[in-house]
Amino acid sequence: MHCFGEKNTMARTDAEILGRDDVNDMDAILALSNQERDEVIHTVQDNADALFTWDYERSRPPLIKLYEKAKNSQWNGETDLDWSTDVDQEKLAAENPLTPTVEGWEALGADFTGTSFASWTNKEWLEYQIQSQNWSLSQFMHGEQGALVCTAKIVETVPWIDAKYYAATQVMDEARHVEVFAKYLDTKFSGHYPINHHLGALLDDIINDSRWDMTYLGMQIMVEGLALAAFGMAYQTTPEPLLKQLLRYVMSDEARHVAFGVLSLKEYYEGLTSAEMLERQEFAFEAAVRMRDRFLQQEVWDHMGVPVKEAISIFKQDDPELKNEDPFQQLLFSKIVPNCKKLGLLDANDGWLRKRFDTLGVSQFEDWVDTGEEYELLDEVAKDREAESA
């Protein structure tokens with residue numbers, strides 16, 4: 001069992017974990033970018049053994065319940081979404097209250113004299129918003145393919161039959177998610193972006209690790225946890241009915257996926273030593289930082305012909321205090337933090353991960369509902385079917 005407060009467990013430094021001394025070193029963050037933008041096939045070494053189990057006894061009731069829920073809540077991306085919906089992306093961007101305008105910047109007292117933005121009109125700001133939309137959905141799509149591959153790995157590597165059963169349903173879910181995001185980008189929006197370096201590096205690390213529980217932690221808790229929050233914010237802010245329904249159904253699936261991680265790892269982590277827990281804490285911290293770093297949208301600024309460092313500086317994204325106070329970025333961790341707490345990751349080893357989350361400004365979410373309890377409330381597919389049969 002892991003013992004909280006055990007003193008002989010030595011944590012690595014932030015530099016050893018992240019490859020930089022300062023978690024907010026903007027030069028180090030921006031020095032990393034996707035150099036394979038035209039790459040079609042990406043190969044990652046998978047170091048895990050595939051496990052068979054000859055024990056078919058159904059011994060984990062929470063996973064059995066989750067598996068039944070998953071079987072009953074499957075949906076078809078071709079027939080359950082109305083793809084005949086007309087989407088005017090430019091109109092959507094123009095009507096979005098978050099789209100910057102020249103008049104809006106003037107009202108805020110912004111002075112772009114001598115910068116790349118000095119000549120920008122509302123046309124350029126509108127195009128920036130359109131490209132941001134393309135970028136965001138592209139990263140959602142790439143992340144979902146990462147989940148597809150990782151969950152297939154969980155089917156192979158997890159030793160419990162109940163977990164293999166459920167993970168197989170998630171493989172189907174993730175294929176459906178990649179399918180619908182790709183179709184929406186191809187038929188309703190105006191372009192794809194390649195995977196962001198920080199997201200890609202995290203996915204590579206998750207797949208590369210030989211331990212089955214690290215695949216769970218990296219994907220089910222961290223990547224899927226952030227995605228669930230991000231999808232929720234996108235759902236709340238988009239007025240577009242097709243995307244709204246797409247996100248609504250994807251979130252129904254994602255809540256089960258995160259719950260799968262919470263329910264499985266809670267049992268497993270109860271038997272780990274402090275040193276083993278520390279390895280998981282360090283991995284969770286590294287994953288959190290990488291996911292935060294990807295939201296700088298370097299690829300969008302490149303597309304718009306603006307030097308990335310200039311844009312980051314002008315909009316104060318290089319200010320650690322302002323960055324950590326950004327409510328959008330903070331809310332992205334609203335699912336991750338309570339789930340980490342439920343797993344014992346926040347407080348193991350004298351609260352090592354809690355202290356690191358403090359530096360990111362996200363610890364305040366620790367008492368929000370964890371997804372192990374929440375997933376049944378988010379089953380929008382079941383709600384729609386009940387309404388249809390009423």
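Conventions and cut-offs
Every chain begins its residue count from 1, and numbering advances along the sequence as written. Note on the predicted model: pLDDT of at least 70 is required for a residue's local features to be given, and 80 or more for side-chain atom pairs to be given and counted; whole-chain, interface and lining totals, by contrast, use all residues. Note that water and hydrogens are dropped before the side-chain values are worked out from all heavy atoms of the structure. Centre distance within 6.5 Å is the pairing criterion for rings of Phe, Tyr and Trp, where only the six-membered ring of Trp is used; planes under 30 degrees apart are then read as stacked, over 60 as edge-to-face, and the remainder as tilted. We count a stretch as a helix when DSSP gives it H or I for four or more residues in a row; a strand needs E for two or more, and each element gets its number in order from the N terminus. Working definition: with a 1.4 Å probe on protein chains only, accessible area under 20% of the residue-type maximum means buried, over 50% means exposed, and in between means partly exposed. We call a charge positioned over a ring when the NZ of a Lys or the CZ of an Arg lies within 6 Å of the ring centre and within 35 degrees of the ring normal. For this analysis, a salt bridge means a side-chain nitrogen from Lys or Arg found within 4 Å of a carboxyl oxygen belonging to Asp or Glu. One less than the number of residues in a helix, times 1.5 Å, gives the span that helix is expected to have. Residue contacts are counted whenever heavy atoms from the two residues lie within 4.5 Å of one another. Whenever two N or O atoms come within 3.5 Å, that pair is a polar contact, provided that in protein one can donate a hydrogen and the other can accept it, and provided that, for residues adjacent in sequence, both atoms are side-chain atoms.

S.K.: Provide a residue-level description of the packing of aromatic side chains, including the pertinent values.
M.R.: Aromatic rings considered in pairs are described by the distance between their centres and by the relative angle of their planes. Scanning all chains against the criterion turns up 30 aromatic pairs. Here Trp-120 and Trp-125 contribute two aromatic rings whose centre-to-centre distance is 4.7 Å and whose plane-to-plane angle is 70°, an arrangement assigned as edge-to-face. Summarising the aromatic geometry, the rings of Tyr-166 and Phe-260 are spaced 4.5 Å apart at their centres and angled 55° between planes, so their arrangement reads as tilted. Taken together, the residues span a long stretch of sequence, with Tyr-166 in helix α7 (residues 161-187) and Phe-260 in helix α10 (residues 241-269) at a distance of 94 residues. Taking relative accessible area as the criterion, Tyr-166 reaches 0% and is therefore assigned buried. Taken together, the aromatic side chains of Trp-105, Phe-112, Phe-117, Trp-120, Trp-125, Tyr-128, Trp-301 and Phe-315 make up a single cluster linked through ring pairs. The ring of Trp-160 carries the charged tip of Arg-60 above its face, separated from the ring centre by 4.0 Å. If you follow Lys-244 out to its NZ or CZ, it ends over the ring of Tyr-235, 4.4 Å from the centre.

S.K.: I'd like a rundown of the pattern of salt bridges, residues and numbers included.
M.R.: For the structure on display, the rule yields 30 salt bridges. Among the salt bridges present, the one from Glu-279 reaches Arg-211, with a minimum N-O distance of 3.2 Å. Here Arg-211 lies in the loop between α8 (197-208) and α9 (212-237) and Glu-279 lies in helix α11 (residues 274-293), a separation of 68 residues in the sequence. Judged by relative accessible area, which is 28%, Arg-211 ranks as partly exposed. As a salt-bridge pair, Lys-341 and Glu-366 come within 2.9 Å of each other at their nearest N and O atoms. With Lys-341 in helix α16 (residues 336-342) and Glu-366 in the loop between α17 (348-360) and α18 (371-374), this residue pair connects regions lying 25 residues apart in the sequence. On the basis of relative accessibility, which here comes to 17%, the residue Glu-366 falls in the buried class. One salt-bridge network, in which partners are shared between bridges, spans Asp-209, Arg-211, Asp-213, Glu-279 and Arg-280.

S.K.: If you had to explain α8 to someone new, which residues and values would you point to?
M.R.: The end-to-end C-alpha distance of α8, which contains twelve residues, comes to 16 Å, matching closely the 16 Å that a straight helix rising 1.5 Å per residue would cover. Every buried residue belonging to α8 is among His-198, Leu-199, Gly-200, Ala-201, Leu-202, Leu-203, Ile-206 and Ile-207, and all of these are buried. Of the surrounding elements, those touching the buried residues of α8 are α2 (26-30), α6 (122-157), α9, α11 and α12 (298-303). The N-terminus of α8 is capped by Asn-196, whose side-chain oxygen sits 2.9 Å from the backbone nitrogen of His-198.

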